[in-house]
Amino acid sequence: MGIQVKSTKVYRNLPCGHAQWFDQKADGTPGHCAQIHGYDRSVEFTFAGEVDDHGWIVPFGDLKPVKDFLEYYFDHVTVLPADDPRLDSLRTSEHYQYKGLLGTLRVLPSGVSMEMSSLFIWEHVNAYIYQTTSGRCYVERVRVYEHERNDAMVEVDEATAKVDAQRKIPSGNLLPMKPEWQWEAPKDALKRVEG
């Protein structure tokens, strides 16, 4: 294995509300997680690859677009999964309109769990890092903390990370900021990334 140099970057204080519509109690009534509730998320990246001429893996000064991306999706917003059946009634509500109660709604493609949030973030930031470092580096791990007691992560090997980044780079918009994504089942998203 030899020597591997890695670096980490953590973004804290990303307060957002989310809901898991499918959460039910044993009696069939909605569980606590089915209701909009909020946490102060944190996102931790592990970057791996080859050091540059200065000994850096990823120049942290190049990460401002990553911070903007994270803040767009997770800072003072409500995050819901694209398969939430309640979305249709929300879309016609005044609360969903600009400056309405849910005017900062973000709809993610494969759910809003910490696991699927990790995958969503990884997919976009990995391609950005790969392009920014001219293929030297990739995102090995994204760990998303719901709060200090709960977190989840995705870890990706170098070959998978590089192939996925190369697939995305031609599209041009590596850190897209759009309020609503189409549903993609979590298992399908994982299969797509694994190629």
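Before going into details, it helps to say that this report is about the structure given with it. For clarity, every value in this text was computed on a predicted model and none was experimentally measured.

## With respect to the overall build of the chain
- Helix and strand content of the chain: five helices and six strands.
- By the compact-globule yardstick of 16 Å for 195 residues, the chain fits well, its C-alpha radius of gyration being 18 Å.
- Summarising its shape, the C-alpha atoms of the chain cover approximately 55 × 35 × 30 Å along the three principal directions.
- Residue burial in the chain is summarised as follows: out of 195 residues, 49% are buried.
- Across the chain, every contact between residues at least 6 apart in sequence was considered, and the portion connecting residues at least 24 apart equals 74%.
- On the chain, roughly 10,400 Å² of surface is accessible, and the fraction owed to carbon and sulfur atoms is 52%.
- Here the chain holds 22 positive side-chain charges and 29 negative ones, and the gap between their average locations is 2 Å.

## Details of the environment of H124
- Locating H124 in the fold gives a position in helix α3 (residues 114-132).
- In this structure, the C-alpha to C-alpha distance between H124 and I169, residues 45 residues apart in sequence, is 9.9 Å.
- Apart from the residues within four sequence positions on either side, H124 is in contact with F69, L174, L175, P176 and W181.

## With respect to the pattern of salt bridges
- Taken as a whole, this structure holds 14 salt bridges when the rule is applied.
- The closest approach of N and O atoms between K162 and E158, which form a salt bridge, is 2.9 Å. Residue K162 and its partner E158 are located together in helix α4 (residues 158-168), separated by four residues, close to a single helical turn.
- Judged by its relative accessible area of 37%, E158 falls in the partly exposed class.
- Here K168 makes a salt bridge to D164, at a shortest N to O gap of 2.6 Å. Pair noted here: K168 and D164 are both in helix α4, with a separation of four residues, about one helical turn.
- Judged by its relative accessible area of 0%, D164 falls in the buried class.
- A single salt-bridge network, built from bridges that share partners, covers E123, D164, R167, K168, E184 and R192.

## Points about the layout of surface pockets
- Approximately 180 Å³ is the volume attributed to the largest pocket.
- If you trace the largest pocket, you find 13 residues lining it, with P109, E123, W181, E184 and R192 closest to the centre.
- Class assignment of the residues belonging to the lining of the largest pocket gives a composition of six nonpolar, three polar and four charged.

Conventions used here
Residues numbered from 1 in each chain as written. Predicted model: local features only at pLDDT ≥ 70, side-chain atom pairs only at ≥ 80, totals over all residues. Heavy atoms only, no water. Helix = DSSP H or I, 4+ residues; strand = E, 2+ residues; numbered from the N terminus. Rg over C-alpha atoms; globule rule 2.2 N^0.38 Å. Buried < 20%, exposed > 50% of the residue type's maximum accessible area, 1.4 Å probe, protein only. Contact = heavy atoms within 4.5 Å. Areas by Shrake-Rupley, 256 points an atom, 1.4 Å probe, with all protein chains shown as cover. Lys, Arg positive; Asp, Glu negative; His and termini not counted. Charge placed at Lys NZ, Arg CZ, Asp CG, Glu CD. Salt bridge = Lys/Arg side-chain N within 4 Å of Asp/Glu carboxyl O. 1 Å grid on protein atoms, 1.4 Å probe; cavity = no way out; pocket = protein on both sides within 12 Å on 5 of 7 lines; lining within 4 Å. Points joined across faces, edges and corners; volume = space filled by probe spheres on them. Nonpolar A, V, L, I, M, F, W, Y, C, P; charged D, E, K, R; others polar.

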